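Working through the structure, step by step
Now for the letters of each chain:
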Amino acid sequence: MADVVIYSSSLCPYCHRAKALLSQKGAAYREISVDMNPAARAEMRQKAGGANTVPQIWIAGDHVGGCDDLYALERAGGLDKLLAKA
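From a predicted model like this one, the values you see are computed outputs, not experimental measurements.

When a protein is soluble and globular, its nonpolar side chains tend to lie buried together. In this structure, I57, I59, L70 and L83 are the most contacted members of the largest nonpolar core, which totals 15 residues. Put simply, the parts of the chain that give this core at least two residues each are β1 (4-8), α1 (13-24), β3 (56-59), α3 (67-75) and α4 (79-83). Non-local contacts of L83, meaning those with residues more than four positions away in its chain, are made with M1, A2, V4, L22, K25, A27 and I59. Counting 11 residues, the second-largest nonpolar core is a separate cluster that includes V5, C12, V34 and M44.

Now the structure itself:
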């Protein structure tokens with residue numbers, strides 16, 4: 001299964017939704033909390049081309065975007081393919 005990284009915040013409902021979908025798919029993910037961590041938020045922003053909102057999700061090194069982008073990928077039938085990347 002592909003390496004999944006999600007930058008998130010504990011108070012963010014979109015983060016919880018994104019993690020729930022990934023868990024439903026059986027995908028293990030590495031979560032990086034930006035709560036009270038300006039260095040992690042700056043790292044996320046740099047990697048995400050300036051995006052400052054959470055969640056920001058990468059699957060197999062590809063930047064998926066946020067929660068809405070993850071669900072759109074699922075609706076389009078692309079999430080399982082991306083998660084299957086080694």
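There's more to say after this.
This paragraph deals with the pairing of β1. Counted residue by residue, β1 has 5 buried out of 5 residues, so it is predominantly covered. With burial as the criterion, each face of β1 is covered, one bearing V4, I6 and S8 and the other bearing V5 and Y7. Both β1 and strand β2 (residues 30-33) contribute to a ladder of 4 bridges, which runs parallel. Its bridge partner being in β2, V5 is matched across the sheet by R30. Handedness of the crossover joining β1 and β2 through α1 is recorded here as right-handed.

Thresholds applied
Residues numbered from 1 in each chain as written. Predicted model: local features only at pLDDT ≥ 70, side-chain atom pairs only at ≥ 80, totals over all residues. Heavy atoms only, no water. Core = buried A, V, L, I, M, F, W, Y, C linked by side-chain atoms within 4.5 Å. Buried < 20%, exposed > 50% of the residue type's maximum accessible area, 1.4 Å probe, protein only. Helix = DSSP H or I, 4+ residues; strand = E, 2+ residues; numbered from the N terminus. Contact = heavy atoms within 4.5 Å. Pairing = 2+ DSSP bridges. Right-handed = clockwise from strand over helix to strand, strands pointing away.

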